[in-house]
Amino acid sequence: MKNFLDQDFLLQTKTAQRLYHEFASHQPIIDYHCHLPPDQIADDINFKNITQIWLYGDHYKWRAMRANGVNEAYITGNKTDEEKFTAWAATVPYTLRNPLYHWTHLELQRYFGIDELLSPVSAQKIYAQCNEKLQSPEFSIRNILKSKNVEVVGTTDDPLDNLSYHQKLKQDAFSVKVLPAYRPDKAMNADDIAGLNKYIDQLEAVANVSISNIDEYLSALKARHDYFAENGCKLSDHGLEQIYAEDYTDAEIAAIFTKIRSNEVLLPLEILKFKSAMLYYFAIWDHEKGWVQQFHLGALRNNNARALTNLGPDTGWDSIGDFAQGRALSKFLNRLDTTNQLAKTIIYNLNPADNELFATMVGNYNDGSVAGKMQFGSAWWFLDQKDGMIKQLNALSNMGLLSRLVGMLTDSRSFMSFPRHEYFRRLLCNLLGDDIENGELPNDIEWTGKIVSDICYFNAKNYFNF
C-alpha cells in the first residue's frame, strides 16, 4: 500500500516517476490565465490568517461546505475567520474522492510543510501553525509567487481598469511578470440593457469621450485595447456560454446600438447580432496586435436566483451547460481565417461531452504559421480534476498534437492554487509513463522527457512571447 501524498503521488510506474522528477517538477510556472487580484501582489500583503488566503472567494470550497450542510454564515456570512476555517476543517474529511481532498492536503504540504490530515481534531493546531507562518516575510504575496517558481502571472481585467497595479509592479522590477488580459465581456452583454448602458457611461468617463453611436463605442473600446497593449497585455479572454456568429450588417449594428442607448428592449435576434459583431471586432484587434485570444465556453451561470440576489455572481451557483458549440464556433473561426485575421486561439471546454468536438475544431484552423496555433486548452473549472484532465489529454492526443499543448493554468482567485500545476504535471507524466511501460510508446526517456518539459513550460514560453 502506498502512502498518501508521498513523493510519487499519482505516479504509478517507475517511468512516470522518472519523467516527473527529472523533466517536470523543476520547470517554472507560466500561469497565463488566473483571477488573482493584482492590487494584492502590488501591495505585497501578508494575509492575516489561513482563512483569508484560502477560503475567501473560493467557491469550490463553498459548494462543498453547502453540500455538507454548513450554514451560509460560516461560508460567506458574518462568522469569524476562525469559525469559518473550523467549518471547512469539519467538511474536509467528507470530501473523499473530490479533488478538494487532494488539493487541500497538497497545499498544506507545499506551502506550510504540514503532513497532518485536516479534520476537526487537527483544525485548531493547523490554524495556528499556518497563521504564524503567514505573518513572516517569506509569506508575503510576492515571496509566495517566487517560492512557487512562478515566472508569469496573467490576470483577468476589464477594459475599464487603469492597470495602475500592473504599472507599479513593472516599476518595482518585480521578478515575476504580472501581465493583464483584456476581458470585454461586459461590453457586449446586451442581455442587460441597463447594465450595458451603465458600462458605456463608465467607459465615457475613463476614455474621456462622448459615446452616442456604435463608431464612438468601438473607438473607445479600441483605445482601451491599445492602452492594455501599452501596459504589456498579450492576451484577451472571454467567458461565454457559446460563440456568437449571427450574420449582421453594419447598419443593423448601428441601429441596435441606438436602441441600447435609448434603453429600448432588444429582440432576441438583435441581442445575438450585437454580441456577434462585438466578438468579431475584438478578434480583429487581437490579431492586429499579435495577441492570443482565449474563449472559455460552456458555463451555465447563476442558476440559483435566490442566492444570486443575496450573494451576487461568482459565489458558487454555476454548473456545466449543454449548449450547441460546433456550428457557431466553426463559423466564427472561419470568418476570421478567410481574411487571414485569425489570431492564435485557445478554446476551453466545460462540457466533457464536447471534448472531441473542441479537439477536432482546432485542427481545422492550424495553418502551419505557428506550432500549435490553435489550442484545445487544458481542462478547466469543473473539469479541473484527475478525471477531467485525463479526458482532455486523451482527446487532444487522439485528435491533435498533445506535444504542442501550452500546459496548465490555475484559473484561480487564490494564491494557494499553484500546486494544481504540479497535479497536472504528475497526471501527464503518469499517462506517458503508462504508455511506455505498456509498450505503446518507445522507451525513449530523453525524447518523451523533452515533450514533458515542453508541455509544462517551454511551449507556453514560446507561444505567448512573454
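Just so we're clear, the structure is a prediction, and the values are computed from it rather than from any experiment.

Remarks on the sheet that holds strand E6 (residues 292-297)
Within the open sheet, the five strands sit side by side as E4-E5-E6-E9-E10. Their pairing is parallel. Across the chains shown, the open sheet's two edge strands, defined by having one partner strand only, are strand E4 (181-182) and strand E10 (374-376). Here two bridges tie E4 to strand E5 (residues 235-240), and the two strands are oriented parallel to one another. By the bridge assignment for E5, Tyr182 is matched with Ser236. Along the sheet, helix H13 (residues 268-289) makes contact with E4, E5 and E6, crossing E5 at roughly 160 degrees. Packed on one face of the sheet, helix H16 (residues 355-363) meets E6, strand E9 (344-349) and E10 and runs near 165 degrees to E10.

Description of helix H7 (residues 123-134)
The end-to-end C-alpha distance of H7 is 16 Å, a good match for the 16 Å that twelve residues give at a rise of 1.5 Å each. Those residues of H7 that are buried are in contact with helix H3 (50-54), helix H5 (81-91) and helix H6 (99-112).

Considerations on the environment of Gly290
Positionally, Gly290 belongs in the loop between H13 and E6. Residues Gly290 and Leu342, spaced 52 residues apart in sequence, show a C-alpha to C-alpha distance of 9.7 Å.

So, the packing of aromatic side chains
Summed over all chains, the structure comprises 23 aromatic pairs. Aromatic side chains Phe358 and Phe376 sit 6.2 Å apart centroid to centroid with 45 degrees between the ring planes, which places their arrangement in the tilted category. Residue Phe358 is located in helix H16, and its partner Phe376 is located in strand E10; the two are separated by 18 residues in the primary sequence. In this pair, the class of Phe358 matches that of Phe376, namely buried. Judged by centre distance (5.2 Å) and plane angle (10 degrees), the ring pair of Trp381 and Phe382 falls under stacked. Judged by relative accessible area, Trp381 falls into the buried class, the value being 9%. An aromatic cluster is present here, built from Tyr182, Phe228, Phe282, Trp285 and Trp291 joined pairwise through their rings. In this structure, Lys344 packs its charged tip against the face of Tyr463, placed 4.9 Å from the ring centre.

With respect to the pattern of salt bridges
Per the stated rule, a full pass over the model turns up 25 salt bridges. Across the pair Glu72 and Arg66 runs a salt bridge whose closest N-O atoms are separated by 2.9 Å. Since its relative accessible area comes to 17%, Arg66 is described here as buried. Of the charged contacts in the structure, one is a salt bridge between Asp384 and Arg420, with a shortest N-O distance of 3.3 Å. Of this pair, Asp384 sits in the loop between E10 and helix H17 (386-399) while Arg420 sits in helix H18 (residues 419-437); the two residues are 36 residues apart in sequence, bridging distant segments of the chain. Side by side, Asp384 and Arg420 carry an identical accessibility label, which is buried. Among the ionic contacts, a cluster of salt bridges with common partners joins Lys222, Asp226, Glu288 and Lys289.

Each value, and the rule that gives it
- Residues numbered from 1 in each chain as written.
- Predicted model: local features only at pLDDT ≥ 70, side-chain atom pairs only at ≥ 80, totals over all residues.
- Heavy atoms only, no water.
- Pairing = 2+ DSSP bridges.
- Helix = DSSP H or I, 4+ residues; strand = E, 2+ residues; numbered from the N terminus.
- Contact = heavy atoms within 4.5 Å.
- Axes fitted to C-alpha atoms, helices over the stretch in contact; angles between N-to-C directions.
- Expected span 1.5 Å × (residues − 1).
- Phe/Tyr/Trp six-rings, centres within 6.5 Å; stacked < 30°, edge-to-face > 60°.
- Buried < 20%, exposed > 50% of the residue type's maximum accessible area, 1.4 Å probe, protein only.
- Lys NZ or Arg CZ within 6 Å of the ring centre and 35° of its normal.
- Salt bridge = Lys/Arg side-chain N within 4 Å of Asp/Glu carboxyl O.

The analysis is restricted to geometry; functional conclusions fall outside its scope.
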